[in-house]
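Examining the three-dimensional arrangement
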Amino acid sequence: MPNLIIRQARILLPEGNLASGDVWIQAGKIAEIALTDSASPRESSFEVIDAEGLTLLPGVIDPQVHFREPGLEHKEDLFTASCACAQGGVTSFLEMPNTRPLTTTQAALDDKLQRAAQKCLVNYGFFIGATAENLPDLLEAHPTPGIKIFMGSMHGPLLVDQEAALTALFAKGDRLIAVHAEDQARILERRQQFAGITDPAIHSQIQDHQAALNATQLALKLSKQYQRRLHILHLSTAEEAELLRRDKPAWVTAEVTPQHLLLNTSAYEQIGTLAQMNPPLRSPHDNEVLWQALRDGVLDFIATDHAPHTLEEKARPYPDSPSGMPGVETSLPLMLTQAMQGRCTIAQVSHWMSTAVAKAYGIRHKGVIAPGYDADLVLVDLNHSRPVRREDLRTKCGWSPFEGWNLTGWPVITLVGGQVVYDRGHLNTQVRGRALSFQGQEEG
Ligand code: DOR
């Protein structure tokens, strides 16, 4: 592995300020930050990346993705998804258990880890999924960022929607529980009520605000009862954000997706079922309340919920069209564009997309640019804008809900463990990420 010097980048420092300087990388780690021009490399063994005009950020850690392998590789696989990550500045991801087979046992988790070791260009971790029957697996599985519970919006055995079964899961063990919080009973009832409607906009009414709020309230209640570390995935409504603003124990964290911040139900008119996801898109008012909650620290960080489906699958009429949209290669420029427009700062974007994620999941030595930290880094160009174009995407599904959006801050170079994995449109497919480890998961 070559030693590297990234020269004259604008570096996002741990205090949140940007300063020009050089970053020295040795054996995959950040060795030194020199905030003056450190002239020519002191040792010829250092390769030089000229980063003048570019901004250096910690690599994005995306804490909720669906990469479809094994079993659903016609939508995505760990190689294509990790290529999309590299191009999007995502250097680590946490992946969800709704693959085939479901990731509900140590054997299924080991299988994913082995596949990832062979083909993943970036670092990886995999959730273990809860069923009503696999408590022993949930307690023992290793390494995993936590237990994923689908309280709603999921068919098959991954669903745990009964309070008694949920209570049993919250009562036993102490590892992080991450919930997809939607009330399955209410969704089923409303599906019947609105049966026959094929306009995908009805999706947001079937899986409505109340369905999300009911489940978040229940998860919060159980978490408080057992003081159990809880993470609320892709929180989508103003009501849930206000609930957490009033009452959020220190051991609870919550995330929001770029699409719940930036898209709303008006998207159905423009892109139809491509806007269909779970939990569904909400109103412009929800967008605003979620932004404020994020800025105020009520919401802790950002995940994409990258959930690719083929265009053919998405072309089925609602409700046969599947829910989900891709996101790993647009999330960073989407959020940096918001920062350039003054809605937040670059330091906040990096905090929400990297630093806070590493802290919440106990991922050591990542999420900060400082000596001793892993050299998982992304150089972005904040002076250049270009639109999201289908032909530039690496995800196997080949589309984005943000096509045509003109974004600033696209990744130029991405490094994983000190190796250049992406450089101006080119991937180094020889690079391999590593399995993440999760220690002493901290409170929010
Ligand atoms: O829209 C969604 N699609 N939400 C989820 O939580 C699951 C995902 C998928 O796997 O397609």
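Up top is the structure.
Notes on the structure in this doc start here.

Calculation notes
Residues numbered from 1 in each chain as written. Predicted model: local features only at pLDDT ≥ 70, side-chain atom pairs only at ≥ 80, totals over all residues. Heavy atoms only, no water. Helix = DSSP H or I, 4+ residues; strand = E, 2+ residues; numbered from the N terminus. Rg over C-alpha atoms; globule rule 2.2 N^0.38 Å. Buried < 20%, exposed > 50% of the residue type's maximum accessible area, 1.4 Å probe, protein only. Lys, Arg positive; Asp, Glu negative; His and termini not counted. Charge placed at Lys NZ, Arg CZ, Asp CG, Glu CD. Pairing = 2+ DSSP bridges. Polar contact = N/O pair within 3.5 Å; in protein donor to acceptor, adjacent residues only side chain to side chain. Axes fitted to C-alpha atoms, helices over the stretch in contact; angles between N-to-C directions. Parallel < 35°, antiparallel > 145°, perpendicular 65-115°, else oblique. Left-handed = near helix turned anticlockwise from the far one by under 90°. Contact = heavy atoms within 4.5 Å. Nonpolar A, V, L, I, M, F, W, Y, C, P; charged D, E, K, R; others polar. Right-handed = clockwise from strand over helix to strand, strands pointing away. Near = heavy atom within 4 Å. Areas by Shrake-Rupley, 256 points an atom, 1.4 Å probe, with all protein chains shown as cover. Disulfide = S-S within 2.5 Å.

**Examining the overall build of the chain**
- When you go through the chain residue by residue, the secondary structure sums to 14 helices and 18 strands.
- Scaling as 2.2 N^0.38, a compact globule of 444 residues should have a C-alpha radius of gyration of about 22 Å, and the chain matches this with 21 Å.
- For the chain, the spread of C-alpha atoms along the principal axes amounts to about 70 × 45 × 40 Å.
- The buried share of the chain, reckoned over its 444 residues, is 61%.
- Averaged over its 39 positive side-chain charges, the chain has a centre that lies 1 Å from the centre of its 51 negative ones.

**A few points about the sheet that holds strand β12 (residues 230-232)**
- Overall, parallel pairing links the six strands, which are arranged β9-β10-β11-β12-β13-β14 in an open sheet. Pairing within the sheet leaves two strands with one partner each, and these edge strands are β9 (128-129) and β14 (301-302).
- Taken together, the three bridges between β12 and strand β13 (residues 252-256) define a ladder with parallel strand orientation. Bridge assignment links Leu230 to a residue of β13, and that residue is Val252.

**Here we look at the environment of Asp161**
- One can find Asp161 in the loop between β10 (147-150) and α4 (163-171).
- Under the relative-accessibility criterion, Asp161 is labelled partly exposed at 30%.
- Each C-alpha atom, one on Asp161 and one on Glu240, is 18 Å from the other, the two residues being 79 residues apart in sequence.
- Reaching out from Asp161, the side chain makes a polar contact with the side chain of Gln162 at a distance of 3.4 Å.

**Some remarks on the pairing of strand β15 (residues 377-387)**
- Across four bridges, strand β5 (residues 55-58) lies against β15 in antiparallel orientation. Its bridge partner lying in β15, Pro58 is registered against Leu377.

**Digging into the packing of helix α13 (residues 331-340) against helix α14 (residues 346-361)**
- One way to put it is that α13 packs onto α14 with a least axis distance of 9 Å and a crossing angle of 150 degrees. Considering their axes alone, α13 and α14 lie roughly antiparallel with respect to each other. For the pair α13 and α14, the sense of crossing is right-handed. Residues Ser331, Leu332, Met335, Leu336, Ala339 and Met340 of α13 lie in contact with α14, whose contacting residues are Ile346, Val349, Trp352 and Met353.
- The residue inventory of the contact of α13 with α14, partitioned by class, reads nine nonpolar, one polar and no charged.

**Structural notes on the pairing of strand β8 (residues 123-126)**
- Here β8 shows no split at all, with Asn123 and Gly125 on one side and Tyr124 and Phe126 on the other all buried.
- Bridge count between strand β7 (residues 90-95) and β8: four bridges; the pairing is parallel. Looking at β8, one finds that Leu94 is bridged to Gly125.
- On the question of chirality, the crossover connecting β7 to the parallel β8 by way of helix α2 (residues 106-119) is right-handed.

**Quick look at the site of the ligand**
- Residues in contact with the ligand, as listed here, are His66, Arg68, Asn98, His180, His234, Met277, Asn278, Asp305, Ala307, His309, Ser323 and Gly324.
- Between His66 and the ligand, the recorded distance is 3.3 Å, taken from a side-chain N or O atom to an oxygen atom.
- Between the ligand and Asn278, the relevant distance is 2.7 Å, taken from an oxygen atom to a main-chain nitrogen or oxygen of the residue.
- For the ligand, the protein covers 94% of the area, taking 290 Å² as the surface of the free molecule.
- Residues of the shell around the ligand, tallied by class, amount to two nonpolar, eight polar and two charged.

**Describing the state of the cysteines**
- With the rule as written, the count across this model stands at zero disulfides.
- Free of any disulfide, Cys85 has its nearest cysteine sulfur in Cys120, 7.3 Å distant.
- Taking relative accessible area as the criterion, Cys120 reaches 0% and is therefore assigned buried.

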